[in-house]
Every structure is written in C-alpha cells, then in structure tokens.
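What the coordinates show
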Amino acid sequence: MMGKRHRRPTHKVALLAAIISVLLMAAACSSSSQSSSGSGKTYTVGILTDVTGLASSGNKTSVQGVQAGTVLAHRNGYTIKYVVGDTGTSPSGVLTAAQKLVQQDHVLAVVAVGALTFSAAPFLTAQGVPVVGAAEDGPEWTTSKNMFPVYGYIDTTLVSTGAGQYFKMQGATNVGTLGYSISPTSAENAKGTAMSAQAVGLSAGYVNANFPFGSTNVEPVALAMKSAGVDGMYASVDPNTGFALISALRQSGDNPKVALLPTGYGGDLQQAGPTAQQIAQNVSFISLFEPVEMRTAATMQFQSDLKSVGVTGDPTYAEYAGYASVALLVQALQGAGSAPSQSALVKALSGITSFNAAGLLGSHPINLNQRTGSAGPDNCGWYTKYSGSTFQLVPGAVPLCGSVVPGKRVSPSS
C-alpha cells in the first residue's frame, strides 16, 4: 500500500499513539476499507495485475498508473491507498490474488489490468466487489454487472470498420492477423480485425486465433503470412510476441506495408529496449486513449501526475489503464455517498453515463450504463507510427472512428 509514514513520537506519547493507531486500523477494516481523513476520505483498493509472468511486459506498470491516479484522487479530496495482487499470469494465481485482496486485505474495490482476469471474475462477482480496469481478456467485463472497463464495453464479437479503414488508408490490400487461444478477447480481436478488413473491401489472407499465449515461436506464422501474400499485419498479442512476429516477417523477406499492434505504444516500447525499438520502425500502434503526442490538457496533466510519482518516460498502456481506473473510481465515489458500501459503489458506477477518463478519451466519452453495441469508445482508436526515436501522430487517425457492421458477428471463443 502507498501512504506517508510520520516520524514516531517518543516515551508515553509513542505508546498512546500506537494504541490509537491500532484502534483506527480496526475501525477501518470494519468499515469496508474506508475512513475519515483530514482532507476527505481514504479508501483502499486492490490492484489485480500481471507483475510477473508472461503478460508482465504489458501489464505490470499498471501499478505506476494507479500511483499517478492517487494524485488525481487527492486533487478531488480523496486519499487512495492500494494493495498489489500479483497474478503471476496464471489462472490459479489470478484467483488466489483476488481472494487475498478481498478476504484478507478487505479492499473496497479492485483495479484489474491483467491478461487472465476472467479466472477471478466469478469470485469477484459473487462477492459483489466493484471492479474497474482494462477489458483486455474476456467477455466477463460485459456480462458481469460489477465490472466496469475504463474504455467502454468492447463487444469483441462485433465487427467495426475502424481497423479495416486504417489498413486501407495506409495502402494495405491483404491483411493477416494473430491472436492468443487462451484469451477470448485476443482471439476474437484477431478474427474481428480480419472481418473488418473484408468489410472495407480488403482481403484477409491469414487468420490465426489459436496461438500459444506469450510464445515467440513465430517463424511458422511469418512463413504462412508470406505464403498468403499478406501486406498488412495485426497481432492482438503482448509486445514480446508482436515484435518477434514483425522481425520474423522481415527476415523472411515479407516486410508488411502496414504492421499494426494494440500494445507497445509509448513506454512499453522504451522498456523493451533498443532491439525492439529498431524492429518498431514504421510500425503503427493503436491506443484507446489520447496519445501524449497530442499534448492536450488531459495528456499533459496525466504526464505531470506520472512525473510526480517518479515516472519520467512516455506512459505505457497499463499506466493509462491504471490512471483511468482511479479516475473512474473517483467519479463513482462522488456519487456514492459519504460512506459507500461495495453495493452502493457498484450502483454509482452503473449510473455513470458519461466518463471520459479524466479527458483522455477526448470528445468520445463512454456510457457505463450501456453494455452492448460498441467496439470501444465510439468505435474509435488513436493511431501513432514509430519513426526514428519518436511516435508520430497519423494524420486523419487521431482518432479514427469506425462503425459497427450490421449482420456481422465474430464467433465467440471459449
């Protein structure tokens, strides 16, 4: 948990302070992890994320995002403390971490940014715990009434024209896609992006939604894409798999005209090192939030809050998600009463009809009371392209907003 520690008094004053501290801690635990603070309220939340394991490269920095979010919360009169639950990127690890956060740490809410959150969703729903975070793993974010994604309810069985429009804009004619079999969201994104390309008149020469999670054994995929004549590539995978695939494609002699990744933007690429940065040349990245290169009031405030907790580089995907999660909790707390129970917080979250992630969704807020019919915030994405050592905004694509294709559905993944 985060919080300032004050210098301990001496002699009898110290004993009295210790007794008072114990009493206050007991009172906090018996009131759903909330207590009065000098400037407002203090709430304890749990962070359920992949600090270690195969998905850590994309998700572990969610902790820093929540840290920056606590600065935002403080400006609004709330003190947010947190406990980190490391999933280890394993189904059993996700459930164990969630159980500890709820049963031992007594958190009021959970911020979930993880590849396998679906493994803990039934438990969290049964316990009535409010969950906010990134809907990157499965359909539970749409079906579980206690779960609220910070970039909207993405129904990955819907087909939106957005990705297809981007490939067409950039000159691709034949798109290949890759997704992880274990993650319904990843698998369905791979299939849905191929259908998006077809919806705007492009070919979809290769679709693989059954790739092993976290693997970098991508040479067979690269050769198959080359054989299919793919000149546009989308990989709904973690950065390590995505960069490995782009490298393998180039080594095979098939340098795609358009390579698009949903992960790796910003600090994720910086952390990946010089080799990844070389591979990323001319690669496009899609974000569901405003890129900091836009230099809006919201992105500059976000970077300022990150800097105040020691993050000086470009923000990562998980930092965006963690920060937006706290912003969502603050908006819900403002409407949940002075001492909200978990059920009251769920009700407040359900009543939010306009959330713009502290401005990071720009003019495309989401409605948390509408769980169907969308493929992201207004079916929009913000696109950048990496060149040299910087990300460049793609003209006409900040954001690029598509529309849902009537009558088209992706077959759900198990």
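Residues numbered from 1 in each chain as written. Predicted model: local features only at pLDDT ≥ 70, side-chain atom pairs only at ≥ 80, totals over all residues. Heavy atoms only, no water.

On to the packing of aromatic side chains. Tallied over the entire structure, the rule returns 12 aromatic pairs. Look at Tyr43 and Tyr78: their rings are 6.1 Å apart centre to centre, the planes differ by 45 degrees, and that puts the pair in the tilted class. One end of the pair, Tyr43, is in strand β2 (residues 40–49); the other, Tyr78, is in strand β3 (residues 78–86), with 35 residues separating them in the sequence. Taken individually, Tyr43 and Tyr78 each receive the classification buried, so the pair is uniform in this respect. (Phe/Tyr/Trp six-rings, centres within 6.5 Å; stacked < 30°, edge-to-face > 60°. Helix = DSSP H or I, 4+ residues; strand = E, 2+ residues; numbered from the N terminus. Buried < 20%, exposed > 50% of the residue type's maximum accessible area, 1.4 Å probe, protein only.)

This part covers the pattern of salt bridges. As enumerated under the stated definition, the model contains three salt bridges in all. Close ionic contact of Arg75 with Asp305 constitutes a salt bridge, the shortest N to O distance being 2.8 Å. Of the two residues, Arg75 is situated in helix α3 (residues 62–75) and Asp305 in helix α13 (residues 297–308); the sequence distance between them amounts to 230 residues. Look at Arg75 and you get partly exposed, because its relative accessible area is 44%. One salt bridge connects Asp105 with Lys100, and the closest N-O pair in it is separated by 3.0 Å. The class of Lys100 is partly exposed, set by a relative accessible area of 37%. (Salt bridge = Lys/Arg side-chain N within 4 Å of Asp/Glu carboxyl O.)

All chains considered together, the criterion is met by one disulfide. Disulfide pairing places Cys380 opposite Cys401 at an S-S distance of 1.9 Å. Because the sign of the S-S torsion sets the handedness, a value of about 105 degrees for the bond joining Cys380 and Cys401 places this disulfide among the right-handed ones. Remark: Cys401 occurs in strand β15 (residues 400–401) and Cys380 occurs in strand β13 (residues 380–387); sequence separation between them is 21 residues. Classification of Cys380 by relative accessible area gives buried; the value is 3%. (Disulfide = S-S within 2.5 Å.)

Further remarks concern empty space enclosed by the protein. Per the stated rule, a full pass over the model turns up one cavity of 30 Å³ or more. In this structure, the largest cavity occupies an estimated 920 Å³ of space. As for the largest cavity, its lining consists of 47 residues, and the residues nearest its centre are Ile154, Asn189, Tyr234, Pro262 and Leu288. For the lining of the largest cavity, the secondary-structure elements that each account for two or more residues are α2 (56–59), β7 (158–160), α7 (162–169), α8 (184–199), β10 (232–236), β12 (284–287), α14 (317–334) and β13. Here the residues of the lining of the largest cavity are counted per class, giving 24 nonpolar, 18 polar and five charged. (1 Å grid on protein atoms, 1.4 Å probe; cavity = no way out; pocket = protein on both sides within 12 Å on 5 of 7 lines; lining within 4 Å. Points joined across faces, edges and corners; volume = space filled by probe spheres on them. Nonpolar A, V, L, I, M, F, W, Y, C, P; charged D, E, K, R; others polar.)

Mapping Leu261 onto the fold places it in strand β11 (residues 258–261). Not counting chain neighbours up to four residues away, the residues in contact with Leu261 comprise Met233, Ala235, Gly242, Phe243, Ile246, Val283, Ser284, Phe285 and Ile286. (Contact = heavy atoms within 4.5 Å.)

Turning our attention to unusual backbone geometry. With an omega of 0 degrees, the peptide bond between Val398 and Pro399 qualifies as cis. Its location among the elements puts Pro399 in the loop between β14 (390–393) and β15. Despite not being glycine, His106 has its phi angle at roughly 55 degrees, a positive value. Among the structural elements, His106 can be located in the loop between α4 (91–103) and β4 (109–113). Backbone geometry places Arg295, a non-glycine residue, at a positive phi of 50 degrees. Note on placement: Arg295 falls in the loop between β12 and α13.

Moving on, we come to the nonpolar core. By size, the foremost hydrophobic cluster in this structure holds 104 residues, and its most contacted members are Leu48, Leu124 and Leu245. At 13 residues, the largest contribution of residues to this core is made by α14. Membership of the second largest hydrophobic core comes to 14 residues, among which are Ala172, Leu202, Tyr383 and Val394. (Core = buried A, V, L, I, M, F, W, Y, C linked by side-chain atoms within 4.5 Å.)

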